Amino acid sequence: LETYRRKRDFDRTREPRGATRQRSGSGPPSFVIQKHAARRLHYDFRLEVDGVLVSWAVPKGPPLEPGAKALAVQTEDHPLEYGAFEGVIPKGEYGGGTVMLWDRGTWEAEGDPRRGLAEGKLSFRLSGERLRGRWTLVRTGGDDSAGNWLLIKRSDAERSRIGRGEERSVASGRTMEEIAAEA
Ligand code: MN
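Cut-off values and rules
Residues numbered from 1 in each chain as written. Predicted model: local features only at pLDDT ≥ 70, side-chain atom pairs only at ≥ 80, totals over all residues. Heavy atoms only, no water. Pairing = 2+ DSSP bridges. Helix = DSSP H or I, 4+ residues; strand = E, 2+ residues; numbered from the N terminus. Phe/Tyr/Trp six-rings, centres within 6.5 Å; stacked < 30°, edge-to-face > 60°. Buried < 20%, exposed > 50% of the residue type's maximum accessible area, 1.4 Å probe, protein only. Lys NZ or Arg CZ within 6 Å of the ring centre and 35° of its normal. Core = buried A, V, L, I, M, F, W, Y, C linked by side-chain atoms within 4.5 Å. Salt bridge = Lys/Arg side-chain N within 4 Å of Asp/Glu carboxyl O. 1 Å grid on protein atoms, 1.4 Å probe; cavity = no way out; pocket = protein on both sides within 12 Å on 5 of 7 lines; lining within 4 Å. Points joined across faces, edges and corners; volume = space filled by probe spheres on them. Nonpolar A, V, L, I, M, F, W, Y, C, P; charged D, E, K, R; others polar.

1. Here's the deal with the pairing of strand S9 (residues 148–153)
In this sheet, S9 lies alongside strand S4 (residues 69–79) in antiparallel orientation, the contact comprising five bridges. Looking at the pairing, Ala-70 lines up with Leu-151 of S9. Note: strand S8 (residues 132–139) against S9, five bridges, orientation antiparallel. Bridge pairing in S9 places Thr-136 opposite Ile-152.

2. Examining the packing of aromatic side chains
A ring pair, where both rings are aromatic, is described by two values, the distance of the centres and the angle of the planes. One pass over the full model with this rule turns up nine aromatic pairs. Where Phe-45 meets Trp-56, the ring centres are 6.3 Å apart and the plane angle is 40°; that geometry is what we call tilted. You can see Phe-45 sitting in strand S2 (residues 41–49) and its partner Trp-56 sitting in strand S3 (residues 52–58), a full 11 residues away along the chain. For the pair Phe-45 and Trp-56, a shared accessibility class is recorded, and that class is buried. Here the aromatic rings of Trp-56 and Trp-149 are separated by 5.6 Å at their centres, their planes lie at 80°, and the arrangement is edge-to-face. With Trp-56 in strand S3 and Trp-149 in strand S9, this pair connects stretches of sequence that are 93 residues apart. A residue is classified by how much of its surface remains accessible, and Trp-149, at 0% relative accessible area, is buried. Chaining the aromatic ring pairs together yields one cluster made of Phe-31, Phe-45, Trp-56, Trp-107, Phe-124 and Trp-149. Its guanidinium or amino end placed over the ring of Trp-102, Arg-130 lies 5.6 Å from that ring's centre, counting from NZ or CZ. Geometry around Trp-135 places Lys-153 over its ring, the cationic atom sitting 4.6 Å from the centre.

3. Comments concerning the nonpolar core
Counting residues in hydrophobic clusters, the biggest one holds 27 residues, and the most contacted among them are Phe-45, Leu-47, Trp-56, Trp-107, Phe-124, Leu-126 and Leu-137. Counting 10 residues, the second-largest nonpolar core is a separate cluster that includes Tyr-4, Val-32, Leu-53 and Phe-85.

4. Re the pattern of salt bridges
Within this structure, the stated rule accounts for 18 salt bridges. When the shortest N-O distance is used, the salt bridge between Arg-125 and Glu-108 registers 3.7 Å. Taken as a pair, Arg-125 in strand S7 (residues 121–128) and Glu-108 in strand S6 (residues 97–109) lie far apart in primary sequence, 17 residues in all. Connected through salt bridges with shared partners, the residues Arg-14, Glu-86, Arg-174 and Glu-182 form a single ionic network.

5. Looking at unusual backbone geometry
Non-glycine residue Asp-50 carries a positive phi angle of around 50°. One can find Asp-50 in the loop between S2 and S3. Asp-50 sits in the partly exposed class, given a relative accessible area of 33%.

6. Here we look at the layout of surface pockets
Over the atoms rolls a probe the size of a water molecule, and its path tells where empty space is left. Of the pockets and cavities examined, the largest pocket occupies roughly 460 Å³. Lining of the largest pocket is provided by 21 residues; of these, His-36, Ala-38, Arg-40, His-42 and Gly-95 occupy positions nearest its centre. Sorting the residues of the lining of the largest pocket by element identifies S2 and S4 as the ones contributing at least two each. In terms of residue class, the lining of the largest pocket is made up of eight nonpolar, six polar and seven charged.

And the structure:
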């Protein structure tokens, strides 16, 4: 989490400093998706692995149609506590802008997630309040694409629950505008 902490001034932002790498609980690991209106709007997709949230920024949001793909740029690991963060990062600070908890739940890797991350191919099932079903993350090749992955929706029998209310937080029911107003 050194990179996470180095990028932030915790006297200025209310983001959690985070404990050191935590021991995961006994239940299935968590995932969270945060809608983040930074300089560019994106969705931060975070999977709990070994006590941290391994993270990707997905500019277009997670794909929902089987076979659909979205660019996912890996970012620094975040502390587990970040999975409960919703609020406003002050302007001028790293990632300044509004953060909404857009989805949360548990995930299940197909195979060993550490090996999947190391080898650049991670398949999993999400059981979220909104997203349900199977996706695969694949690291793309090339030296200039460091950190670039594709998030690919696979076909399955499950249906995500997207539709009315999608513009509201799963945690607080607030819109981005209502969260921004707290600042
Ligand atoms: Mn972000």
